[in-house]
Amino acid sequence: MTSVKAAAAIAVVAVIVIAVGAYALLNNSGGNGSDSPVDAIGTDVQVNDYYTLSSVYSSGQAYLGADNTTTYQVSAVDGDQLTVTVKPSNGTEYNETMTKDEYLDDVSVISQDYIGQYQRNETISTGLGNVECMIYFDEQPVGNNTIVYTYDWIGVGSNVIYKTEITVSSGTTNETFTTTLAGTNMIDKGVSGDGSYIPDKPASSGDGLRTDIVEGDYIQYIKYDDDDRDMETYTVVRVDGDRILVRENGDDDVEYMSKADFLKLVKYDGSGRQIGTETIDTQFGTKNCTVYTYRIFDDLIDVDDGAVVWVSDDDQTIYKLESLDDYYDHDDWDDRFDRESYYLAGTSLMNASAGGGSDPTPSPSDNRFGIEVNVGDYYIINDDDDRDTERYEVIAIDGNRVTVMEDDGRYDKEIERMSINEFLGKIMITSEQLESRYDPTGDTNTVNGITCQVYQERHDDDRERISVQQIGGSNYIVWEKQEEWDDRETLIEYHIASL
């Protein structure tokens with residue numbers, strides 16, 4: 001959805017990732033099997049429908065991006081095709097064409113296939129008030145020691161995406177893009193009978209954490225160290241009987257361990273020494289805990305000198321960890337800030353059904369152009385009107401959707417989840433689309449040394465002109481788009497491995 005003219009709109013795509021594993025979905029409480037009205041965004045998109053997204057960008061602990069807002073308002077509907085007026089708070093208004101699904105998936109769950117791993121419920125503050133949400137999580141290793149983590153907040157009993165947080169982790173560097181729904185007139189239009197998909201909270205195991213570990217299972221902690229806050233994620237990448245191979249985010253190293261040692265990171269095994277009780281605040285609410293010490297603890301988390309764990313009295317889940325030395329240093333005024341604490345952020349083991357990996361490689365049949373897209377494919381577009389040049393690069397793939405990093409090489413970085421059609425559609429057009437919307441002018445235009453055929457939009461008042469180069473039998477590369485004399489977008493270069 002973000003065009004080369006969008007200054008800082010990070011698209012909200014809620015849970016656009018294929019699930020790390022299958023899990024049980026309940027068809028009740030207004031869920032997918034119900035035809036009763038629900039608090040949802042429906043699929044019947046109309047003229048003047050709109051939503052506004054607020055976005056920020058940070059790197060590590062530094063807040064780098066302004067709180068920008070962008071409004072997307074439907075100005076025309078032609079079957080499944082929409083014309084959307086985009087109004088950035090710090091840029092020039094412009095129009096884009098897209099399908100209804102491409103418009104809706106920024107603010108609503110449009111398919112069960114886009115549901116990730118359920119984490120927990122949390123009430124958050126949004127432009128529409130306080131909303132109780134279900135949080136879903138996914139991670140995508142994309143090579144070069146880089147992992148993309150996605151969190152999505154979906155309203156309980158709703159398909160509305162209220163917040164998305166995407167972190168790109170590479171070694172010790174973390175870039176985080178956060179987008180929240182600031183306003184819309186589209187809520188309350190949906191019932192599940194009109195095609196809206198309303199996700200339900202997955203079934204709980206009922207008796208604590210699942211212990212049948214499979215590939216794709218993960219445990220995630222938020223690590224607090226003085227004023228720093230880091231995310232530590234441990235993911236099972238291979239299962240070999242009772243032995244598993246575990247990868248830590250931001251680290252090339254992997255480590256073999258027993259399933260019991262992996263479980264010990266999140267589930268109390270009964271071998272510790274009780275030293276007291278304490279009620280603590282966690283990501284999952286307030287928990288009444290028994291506190292235990294271990295003299296020997298797994299060294300995957302950096303507490304190999306022994307650990308103190310806070311164990312929920314309800315289900316024996318470990319919600320907090322500290323090193324033994326740090327715990328006993330609490331009374332030392334000089335060392336009061338020199339300690340590390342780990343708080344449980346989420347784990348797939350809270351789901352009743354076992355997880356499992358999915359093949360993230362898309363087929364060429366997943367897009368209208370019939371070509372393959374790979375991580376690392378990119379193109380660069382220059383916008384004469386805004387005098388910006390932006391690089392669009394695929395940094396992760398899940399099924400027929402891609403995560404795209406947009407970088408102007410100076411100040412602004414954006415990240416967006418989109419369909420492969422949307423990614424390719426910024427620089428390509430099919431012969432069917434060309435014939436249905438444009439008329440040939442008979443002129444030619446040379447762009448970057450490429451001789452192109454010039455076409456003019458048939459019905460639009462701006463009469464957009466595009467310069468295209470035919471590749472293959474039914475696809476064209478769009479090298480230039482021009483609406484007015486000073487409003488021109490030019491493709492500088494592209495690297496699509498399959499082209």
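The text that follows walks through the structure, step by step, so that each part is easy to find. The model shown is predicted, which means the values in this text are computed figures rather than measured ones. (Residues numbered from 1 in each chain as written. Predicted model: local features only at pLDDT ≥ 70, side-chain atom pairs only at ≥ 80, totals over all residues. Heavy atoms only, no water.)

**Here's the deal with the overall build of the chain**
The secondary structure content of the chain amounts to five helices and 29 strands. Counting across all 499 residues of the chain, residues that qualify as buried make up 52%. Considering only contacts in the chain between residues 6 or more positions apart, those separated by 24 or more positions represent 55%. Counting every atom, the chain has about 21200 Å² of accessible surface; 41% of that belongs to carbon and sulfur. (Helix = DSSP H or I, 4+ residues; strand = E, 2+ residues; numbered from the N terminus. Buried < 20%, exposed > 50% of the residue type's maximum accessible area, 1.4 Å probe, protein only. Contact = heavy atoms within 4.5 Å. Areas by Shrake-Rupley, 256 points an atom, 1.4 Å probe, with all protein chains shown as cover.)

**Things to note about the environment of Thr123**
Along the polypeptide, Thr123 turns up in strand 6 (residues 117-126). On the accessibility criterion, Thr123 (53% relative accessible area) is exposed. As a C-alpha pair, Thr123 and Ile135 span twelve residues in sequence and 10.0 Å in three-dimensional space. Setting aside residues up to four positions removed in sequence, Thr123 forms contacts with Asn130, Val131 and Glu132.

**Comments concerning the packing of aromatic side chains**
On inspection of all chains with the given rule, the structure shows 14 aromatic pairs. Through successive ring pairs, a cluster of aromatic residues spans Phe137, Tyr149, Tyr151, Trp153 and Tyr218. In this arrangement the basic side chain of Lys163 is found over the ring face of Trp153, its NZ or CZ atom lying 4.4 Å from the centre. Taking the ring centre of Trp310 as reference, the NZ or CZ of Lys320 above it sits at 4.2 Å. (Phe/Tyr/Trp six-rings, centres within 6.5 Å; stacked < 30°, edge-to-face > 60°. Lys NZ or Arg CZ within 6 Å of the ring centre and 35° of its normal.)

**Here we look at the side chain of Thr403**
Turning to its location among the elements, Thr403 is positioned in strand 22 (residues 401-407). Among residues more than four places away in sequence, those in contact with Thr403 are Gln140, Val148, Glu393, Val394, Ile395, Ala396, Ile415, Glu416 and Arg417.

**A short note on the nonpolar core**
Counting 34 residues, the largest nonpolar core has Tyr221, Phe262, Leu321 and Leu344 as its most contacted members. Secondary-structure elements contributing two or more residues to this core are strand 11 (218-225), strand 12 (228-240), strand 13 (243-248), helix 2 (259-263), strand 16 (285-294), strand 17 (307-312), strand 18 (318-323) and strand 19 (340-347). With five residues, the single largest contributor to this core is strand 17. Of all hydrophobic cores here, the second largest spans 29 residues; its members include Leu53, Leu104, Val107 and Ile147. (Core = buried A, V, L, I, M, F, W, Y, C linked by side-chain atoms within 4.5 Å.)

**Thoughts on the pairing of strand 4 (residues 81-88)**
As a general feature of sheets, a regular strand has side chains that alternate between the two faces. When strand 3 (residues 68-78) meets strand 4, the two strands line up antiparallel, connected through eight bridges. Note on strand 4: the bridge partner recorded for Thr71 is Lys87. Between strand 3 and strand 4, which follow one another and run antiparallel, lie two residues, and Gly79 among them has a positive phi close to 65°. Pairing of strand 4 with strand 5 (residues 94-99) involves six bridges; the strand directions are antiparallel. Across the sheet, residue Val86 finds its bridge partner in strand 5, namely Tyr94. Count of turn residues in the strand 4/strand 5 antiparallel hairpin: five residues. (Pairing = 2+ DSSP bridges.)

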